[in-house]
Amino acid sequence: MDAVEPAVLKFEAFPDRTLTVMLFKEVTNAAELQAKLRSRTLEPELALLNPAPVASLFHLQLAAHKVMASHARGTLTTHGVHSEVVYNLSASKHITEGLRRFGMAENASAVLVCRFDATAADVNAIRAAVHGRLVDAATELDGLRDDAMLKKYYRPGDLECKEGVGSVDDAIASRIGARDVM
C-alpha cells in the first residue's frame, strides 16, 4: 500500500460532500483508462484530469463547488458530476474544448484523479485501476503546472496581473467562477 494519502477537499456550503484527489505520475495505462471513461465503464466513476493546466487544488475546489451547486439545482451541463469537474475548469463555454483541454490524454504520463464522496473502497479501486506512482497532490501538483498553457487557456490580462492589482491565479479563479455569467 502506498504511504501517500489522497487529498480530501471539503466544502463549507456543502458540508456533507467531499472531493478526493489523487495525483499519479509515471502512468502506464492512460489509453486503457481513457477507453473505459469514454465507454462509461470506468468503475468507480471518476474525473481524469491533465494536471498541467490545473493551477492549484484551490482552483480544482472552485470548479468542484460549481459542480455541486449545479447538481443541487439540477442544471449540470455534462452527463455527470465527474465530467462536469473537468468542464468547469475551463474558461470556455464550449464543452468539447473544455473536456479536451483539461481531461487526461490517451498518452498521459501523469493524471489527476478526482472522485466525489469517495469511500475507502473507492480509493482502493482507484489505486488498483491507475498503473502509476501515487504522489502527494498538495505538494507535487505545482511541479506539473504549465504556466504557458494556463496563459493560453485563461488569457489573463496584463492589468489584472499587475503587481498590487492581482495575479495569474486570481485571474484564473475569476474565469472559473464567472464563466457562466459572462
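Computed from a predicted model, the values in this text were never measured in an experiment.

Examining the confidence of the model for the chain
- In the predicted model, the chain carries a mean pLDDT of 89, and the fraction of residues at 70 or more is 92%.
- Ranking the helices and strands of the chain by mean pLDDT puts strand β2 (residues 18-25) first, with 98, and helix α8 (residues 168-178) last, with 76.

Focus on the pairing of β2
- Within β2, seven of the eight residues are buried, leaving the element largely enclosed by the surrounding structure.
- Bridge analysis of strand β1 (residues 7-10) against β2 gives four bridges, and the strand direction is antiparallel. Paired with Ala7 across the two strands is Val21, which belongs to β2.
- Here β2 pairs with strand β4 (residues 110-116) via seven bridges, running antiparallel. Looking at β4, one finds that Leu23 is bridged to Leu112.

Brief notes about the nonpolar core
- Membership of the largest hydrophobic core comes to 32 residues, with the highest contact counts inside it found for Leu19, Val21, Leu60, Leu89, Leu112, Phe116 and Tyr154.
- Looking at this core element by element, the count peaks at six residues for helix α2 (residues 57-73).
- Not counting residues within four places of it along the chain, the set of residues in contact with Tyr154 comprises Pro53, Leu89, Ser90, Ala91, Phe102, Ile172, Arg175 and Ile176.
- Counting residues in hydrophobic clusters, the runner-up holds 17 residues, among them Met104, Val113, Val123 and Ala129.

Brief notes about the pattern of salt bridges
- Scanning all chains against the criterion turns up eight salt bridges.
- For Lys36, the salt bridge is made with Glu32, and the minimal N-O distance between the two is 3.5 Å. Within this pair, Lys36 and its partner Glu32 are both found in helix α1 (residues 30-38), separated by four residues, close to a single helical turn.
- Between Glu97 and Arg101 there is a salt bridge, and its shortest N-O distance comes to 3.2 Å. With a gap of four residues between them, Glu97 and Arg101 both fall in helix α4 (residues 95-102), about one helical turn apart.
- For Arg101, a relative accessible area of 14% gives the class buried.

With respect to α1
- Of all the residues in α1, the buried ones are Ala30, Leu33 and Gln34. One face of α1 carries all of its buried residues, which in axial projection span an arc of 100°.
- Residues of α1 that are buried make contact with β3 (47-49) and α5 (120-129).
- Note on α1: the residue one or two positions beyond its end, Arg40, has a positive phi of about 60°.

Notes on the packing of α2 against helix α3 (residues 81-88)
- It is the contact of α2 with α3, at a shortest axis distance of 8 Å, that shows an interaxial angle of 130°. In this view, α2 runs oblique relative to α3, as classed from their interaxial angle. Here α2 runs over α3; the crossing is right-handed. Two secondary-structure elements touch here, α2 through Leu60, Ala63, Ala64, Lys66, Val67 and His71 and α3 through Val81, Glu84, Val85 and Asn88.
- Broken down by class, the residue content of the contact of α2 with α3 amounts to six nonpolar, two polar and two charged.

Parameters at a glance
- Every residue gets a number counted from 1 within its own chain, in the order that chain's sequence is written.
- At least 70 in pLDDT is required for a residue's local features to be given in this predicted model, at least 80 for side-chain atom pairs to be given and counted, and no such filter applies to totals for whole chains, interfaces and linings, which use all residues.
- Only hydrogens and water are removed before side-chain values are computed, so all heavy atoms of the structure are retained for them.
- On a scale of 0 to 100, pLDDT captures the predictor's confidence in every residue.
- For helices the rule is a DSSP run of H or I covering at least 4 residues; for strands it is a run of E covering at least 2, with both sets numbered from the N terminus onward.
- Burial classes follow relative accessibility: with a 1.4 Å probe on protein chains only, a residue under 20% of its type's maximum area counts as buried, one over 50% as exposed, and anything between as partly exposed.
- Think of it this way: DSSP has to see at least two bridges between two strands before they count as a pair.
- For this analysis, a nonpolar core means a set of buried residues of the types Ala, Val, Leu, Ile, Met, Phe, Trp, Tyr and Cys, connected via side-chain atoms within 4.5 Å.
- The contact definition used throughout considers only heavy atoms, calling two residues in contact when any of these lie within 4.5 Å.
- The rule for a salt bridge is simple: a side-chain nitrogen of Lys or Arg has to be within 4 Å of a carboxyl oxygen of Asp or Glu.
- Throughout, the arc means that of the directions going from the helix axis to the C-beta atoms.
- With axes taken as lines fitted to C-alpha atoms, and helix axes fitted only over the stretch in contact, angles between N-to-C directions fall between 0 and 180 degrees.
- Oblique is the label for any angle not covered by the other classes, which are roughly parallel (under 35 degrees), roughly antiparallel (over 145) and roughly perpendicular (65 to 115).
- Note on convention: near helix rotated counterclockwise from far helix by under a right angle means a left-handed crossing. Clockwise means right-handed.
- When residue character is reported, Ala, Val, Leu, Ile, Met, Phe, Trp, Tyr, Cys and Pro are called nonpolar, Asp, Glu, Lys and Arg charged, and the others, Gly included, polar.

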